[in-house]
Amino acid sequence: MKLSPPLADTLRYLADLGWDAIYPVPPGAPPAAPPDAPPGPAPAPPECALAPAGDAARLAALAVEAAGCTRCRLASTRRKVVFGSGDPAARLMVVGEGPGAEEDRQGLPFVGPAGELLTKILAAIGLGRDQVYIANIVKCRPPGNREPQADEVAACRDYLEGQIAAIRPAVLVCFGRVAAQVLLGTDSPIGRMRGQWHSVRGVPTMVTYHPAALLRNAEYKRPTWEDMQKVRDRLLEGAAGR
């Protein structure tokens, strides 16, 4: 049987993590039908992909405001503002550090090599990019991909807070040290923050390694997978309780 390219990519990603078993069945999931069972109705989409509508109008207004923003020095060097993308009613919102060169060119977050890996990470927990909302701490690319400076982060903070308030996600994921330190208001190293639940504006928040770090160091793949399994389980638990 020939696998579709997205499924093949996901299976390769899981194999890289050392995950060579069948994808685990979430607690409470119905048992699989025996091979000789007659076909039944098509399964409903997973509940973790369904959500009440977020405030799309508020999100759109913020995007328009950000498009003309000149609050900090990054406005003078950017090509495009990279506000965010995805489902305004997403139950999962992910936050990275800032746009890179390709993001700055396209005006979309996580579209370079790290973005391709993020797509595989999301697929591994059963979600497509169109089912989540993706944003960054700063909306314009810092020159040379340096870390955003404190005043640049402060200038963009209202946009990020507004995104979280408009989307009202069930779970947040901070990808990388900078995103985690900014949202959690701490200077702790990422090794101390990852793998456990935090809270941002009352939203359960998981910290894990940035996909770019996984591209540089394969040792981060396994802990990232462990963190994302917790995210998947939290989403499923929330869906079951609705």
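Each remark here, short or long, concerns the structure printed above.
Along each chain, residues carry numbers from 1 onward, in the same order as the chain's sequence is written. With the structure being a predicted model, the display of local features is reserved for residues of pLDDT at least 70 and the display and counting of side-chain atom pairs for 80 or more, all residues being used for whole-chain, interface and lining totals. Values reported for side chains reflect all heavy atoms of the structure, with hydrogen atoms and water molecules removed beforehand.

**Side note on the pattern of salt bridges**
Going by this rule: Salt bridges are counted wherever a side-chain nitrogen of Lys or Arg sits within 4 Å of a carboxyl oxygen of Asp or Glu. Classification of residues uses two cut-offs on accessible area relative to the type maximum, computed with a 1.4 Å probe and protein chains only: under 20% is buried, over 50% is exposed, and between them is partly exposed.
Going through the model one piece at a time under the given rule, you end up with 11 salt bridges. Of the charged contacts, one joins Arg146 and Glu152 as a salt bridge, the two residues approaching to 2.7 Å between their closest N and O atoms. A residue is classified by how much of its surface remains accessible, and Arg146, at 25% relative accessible area, is partly exposed. Here Glu147 makes a salt bridge to Arg177, at a shortest N to O gap of 2.1 Å.

**Examining the environment of Gly126**
Basically, it comes down to this: To qualify as a helix, a DSSP run of H or I must reach at least 4 residues; to qualify as a strand, a run of E must reach at least 2; elements of each kind are numbered from the N terminus.
Position of Gly126 relative to the elements: it lies in the loop between helix H4 (113-124) and strand E3 (133-136). Counting along the chain gives 106 residues from Gly126 to Arg232, while the straight-line C-alpha distance between them is 8.0 Å.

**Some details on empty space enclosed by the protein**
Gaps left between atoms are located by rolling a probe of water-molecule size over the structure's atoms. Counted only if it meets this: Using protein atoms alone on a 1 Å grid, points that fit a 1.4 Å probe yet trap it form a cavity, whereas open point sets bounded by protein on both sides within 12 Å along at least five of seven lines form a pocket; residues with an atom within 4 Å of a point count as lining. Grid points are joined across faces, edges and corners, and a volume is the space filled by probe spheres set on the points. Residues were grouped as follows: Ala, Val, Leu, Ile, Met, Phe, Trp, Tyr, Cys and Pro as nonpolar; Asp, Glu, Lys and Arg as charged; and all remaining residues, including Gly, as polar.
Applying the stated criterion across every chain yields a total of 1 cavity of 30 Å³ or more. The calculated volume of the largest cavity comes to roughly 90 Å³. Considering the residues around the largest cavity, the lining is formed by 15 residues, among which Cys69, Cys72, Cys140, Cys156 and Tyr159 are closest to the centre. Broken down by element, the lining of the largest cavity gets its largest block of residues, 3 residues, from helix H5 (residues 150-167). Grouping the constituent residues of the lining of the largest cavity by class yields 11 nonpolar, 1 polar and 3 charged.

**Quick look at the sheet that holds strand E1 (residues 85-86)**
Note the cut-off: Following DSSP output, two strands are said to pair if at least two bridges run between them.
Read across the sheet, 6 strands follow the order E1-E3-E2-E4-E6-E5 without closing on themselves; strand pairing throughout is mixed. Each of the sheet's edge strands pairs with one partner strand only, and the pair in question is E1 and strand E5 (197-200). Note that strand E4 (residues 171-175) and strand E6 (residues 203-208) share 4 bridges and pair parallel. Bridge pairing in E6 links Val173 to Met206.

**Some remarks on the environment of Ala213**
Tracing the chain through its elements places Ala213 in helix H8 (residues 211-216). Residue Ala213 is classed as buried on the basis of its relative accessible area, which comes to 10%. Taking the C-alpha atoms as reference points, Ala213 and Gly176, 37 residues apart in sequence, are found 8.0 Å from one another.

**As for the nonpolar core**
What counts, and what does not: Among the buried residues, those of types Ala, Val, Leu, Ile, Met, Phe, Trp, Tyr and Cys that are joined through side-chain atoms within 4.5 Å form a nonpolar core. Note on contacts: a residue pair qualifies if any of its non-hydrogen atoms lie within 4.5 Å across the two residues.
With 58 residues, the main nonpolar core has Leu92, Met93, Ile137 and Val231 as its most contacted residues. Of the residues forming this core, the biggest block, 8 residues, is contributed by H5. If we ignore the near neighbours within four places in the chain, the residues touching Leu92 are Leu122, Ile125, Leu127, Val132, Tyr133, Pro169, Val171, Val173, Val231 and Leu235.

**Observations concerning the layout of surface pockets**
Approximately 650 Å³ is the volume found for the second largest pocket. Along the walls of the second largest pocket sit 29 residues, with Glu97, Gly98, His210, Ala212 and Arg216 positioned nearest its centre. Those elements giving two or more residues to the lining of the second largest pocket turn out to be helix H3 (101-106), H4, helix H6 (177-184) and H8. Here the residues of the lining of the second largest pocket sort into 13 nonpolar, 9 polar and 7 charged.

Any link to function would need more than the numbers given here.
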